[in-house]
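# Commentary on secondary and tertiary structure
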Amino acid sequence: MLISYAWSLAHRPINSLFTLVEMAQEDIFKKLVSHCKEYGFVFPSSDIYDGLSAVYDYGQMGVELKNNIKKYWWDSMALLHENIVGIDSAIFMHPTIWKASGHVDAFNDPLIDNKDSKKRYRADVLIEDQLAKYDEKINKDVAKAAKRFGESFDEAQFRSTNGRVLENQGKRNALHIRFTKALNDGNLEELRQIIVDEEITCPISGTRNWTEVRQFNLMFSTEMGSTADGAMKVYLRPETAQGIFVNYMNVQKTGRMKIPFGIAQIGKAFRNEIIARQFIFRMREFEQMEMQFFVRPGSELEWFAKWKELRMKWHKALGFGDNHYRYHDHDKLAHYANAATDIEFLMPFGFKEVEGIHSRTDFDLSQHEKYSGKSIKYFDPELNESYIPYVIETSIGVDRMFLSVLSASYCEETLGNGETRVLLKLPAPLAPVKLAVMPLVKKDGLPEKAREIMDTLKFQFHCQYDEKDSIGKRYRRQDAIGTPYCITVDHQSLDDNCVTLRNRDTMQQERVAIAELNSIIADRVSITGILKKLI
Ligand code: GAP
């Protein structure tokens, strides 16, 4: 038996077992979180001081997995595209940048408090949850009917004629229209009224005793330096993108870049999230991998469609299964965008955003031109004219990507002997440790032979040497951290210069010449293998 979260969610029955399955998912999510701590992937920050809310540290395994994810992204941008280059800009930036970008005035979440439980919620999230409830009701009715009618079931006809489905669909559509309008108008009173009209209750107190909705800015601020007039208020960047925008001219000129071209960056971002939950899904300090692609005005929607497709391909190339991904096109566009979509991944707690793709128009560059007073125009030699480029942005959270990879990889398997093995079926190129080298016993020259092998492989692969405990226990330890291959050195190895190579997922072993190990393993664990799927 094999339980993998994302798989079972994708195939969950929509019937009375639903709640049980949901509970099981929650259980598995809890197990994943403790697995992360037990095996050195993720620790709560400041753990010995009881942690710091929504801040996490990556341990010895986590940092390797995270670095491999970043390398996969970076290489897919900077190696595969001749017209994309990278930068690494500072976290602290001139405070006017955040005024120009609109973050000082508009980087807000609408908040509402329940007066009885004293709990604080995002008003938009409460309403989105309500929309999801209507969807759930409709899907339940459809699933029930499908079961009742069997093969002869015509879903489209059922959806367009069944009274209850039509009623719920009508309510959902009306709510959706009202909600979108309230968001687009920035109408906080209307958001509150929707919560009241929909009779949304606080999950803690169960009451509908709500405060007004008010805006809350998510940027952290601090002070820099000290002058006679006082220190300067600076912000911790809430996105890495602005570091790219303000360096656009530097890179374009020094790199002699021609439109279309892109600038990629990986770095930390900070947001004072109101509701920090779901482990590393929503953090206050996190990392982003962002790429701004500068294009001719008027061509942006074509490029948007291209990047939407390219980014989905990047995700699917990891091999977790196409049913783990979907697009979510935005109803409410950010102040800078004329098209936007999210790539959502099936997490243990449902489909959630991992990456955003935005057509950001010329908003940011125009604003920086206005606020800095410096020209940011590009002279296009083919058109013989100057313009401010339009921008397509791809923006993915490293930590959310990390969580999606781990949740799709975490498995519990019941073996023939009744034992359970916990394993991470990580794509080999992302695995923190690529192979473990183990002498079968701790004597007879086997450790020396194993060390010799390790010394030739360690330059190319992250290896672990392990001679403690039974071979079975050692395999289990490697399975738990997702090591794709284990090499066992036995007595015969001393004579025939061969070892057994064990595959993590199949547990199959093959006899392989030591001289060939390097090329066999390199082929299977290299990031190049996945990158080739992208072109
Ligand atoms: N520059 C555009 C931008 O920052 P965003 O949708 O706010 O857009 C992009 O963020 C990505 O950053 C998200 O898709 C998500 O993966 C990640 N992200 C955003 N907020 C996060 C948080 N509080 N914790 C972890 N990841 C976050």
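Reference entry: report on the structure contained in this document. Predicted, not measured: the structure shown is a model, and the values here were computed from it. (Residues numbered from 1 in each chain as written. Predicted model: local features only at pLDDT ≥ 70, side-chain atom pairs only at ≥ 80, totals over all residues. Heavy atoms only, no water.)

### Considerations on the packing of helix H6 (residues 123-149) against helix H9 (residues 188-197)
So the rule is basically this: Interaxial angle, 0 to 180 degrees, is taken between N-to-C directions of lines fitted to C-alpha atoms, where a helix line uses only the stretch in contact. By definition, any uninterrupted DSSP run of H or I lasting at least four residues is a helix, any uninterrupted run of E lasting at least two residues is a strand, and each is numbered from the N terminus. Working definition: roughly parallel below 35 degrees, roughly antiparallel above 145 degrees, roughly perpendicular at 65 to 115 degrees, and oblique for all remaining angles. For any helix crossing, the convention is left-handed if the near helix is rotated counterclockwise from the far helix by under a right angle, and right-handed if that rotation is clockwise. Every residue pair with non-hydrogen atoms within 4.5 Å of one another is taken to be in contact. Side-chain classes follow a simple rule in which Ala, Val, Leu, Ile, Met, Phe, Trp, Tyr, Cys and Pro form the nonpolar group, Asp, Glu, Lys and Arg form the charged group, and the remainder, Gly included, forms the polar group.
Interhelical geometry of H6 versus H9 gives an angle of 40° and a closest axis separation of 10 Å. Put simply, H6 runs oblique to H9. The crossing of H6 and H9 is left-handed. Taken together, the residues of H9 that come into contact with H6 (itself represented by Ala123, Leu126 and Ile127) are Leu191, Ile194 and Ile195. Taken together, the residues of the contact of H6 with H9 break down into six nonpolar, no polar and no charged.

### Describing the packing of aromatic side chains
In plain terms, the rule: Pairing of aromatic rings covers Phe, Tyr and Trp, the last through its six-membered ring, and needs centres within 6.5 Å; plane angles under 30 degrees mean stacked, over 60 mean edge-to-face, and all others mean tilted. Here's how the labels work: a residue is buried when its accessible area is under 20% of the maximum for its type, exposed when over 50%, partly exposed in between, all with a 1.4 Å probe on protein chains only. Cation placement over rings: the criterion is NZ of Lys or CZ of Arg within 6 Å of the ring centroid and within 35° of the ring normal.
Using the criterion set out here, one finds 17 aromatic pairs in the structure. Seen in terms of ring centroids, Tyr56 and Phe279 are 5.2 Å apart; in terms of plane orientation they differ by 80°. Their pairing is edge-to-face. Of this pair, Tyr56 sits in strand E3 (residues 56-58) while Phe279 sits in the loop between strand E10 (261-270) and strand E11 (285-295), and the two are 223 residues apart along the sequence. Considering the side-chain rings of Phe281 and Phe349, the 5.6 Å spacing of their centres and the 80° angle between planes classify their relative orientation as edge-to-face. Highlighted residues: Phe281 in the loop between E10 and E11 and Phe349 in the loop between strand E13 (339-347) and strand E14 (350-361), separated in sequence by 68 residues. Overall, Phe281 belongs to the buried group, its relative accessible area being 5%. For Phe349, a relative accessible area of 21% translates into the label partly exposed. Counting every residue linked through ring pairs, the aromatic cluster contains Phe245, Tyr248, Phe261 and Phe294. Against the face of Trp303 rests Lys306, its NZ or CZ located 4.4 Å from the ring centre.

### Focus on the sheet that holds strand E6 (residues 120-122)
Filter applied, for reference: A pair of strands counts as paired when DSSP detects no fewer than two bridges linking them.
Strand order in the open sheet made by the three strands is E6-E5-E7, with antiparallel pairing throughout. Since the sheet does not close on itself, it has two edges, and those belong to E6 and strand E7 (214-217), each with one partner. Each adjacent strand pair in this sheet contributes to an overall mean axis angle of 45°, direction not counted. Note that strand E5 (residues 108-113) and E6 share three bridges and pair antiparallel. Each bridged residue has a counterpart across the sheet, and for Ile112 the counterpart in E6 is Tyr121. H6 rests against E5 and E6 of the sheet, and its axis sits at about 65° to E6.

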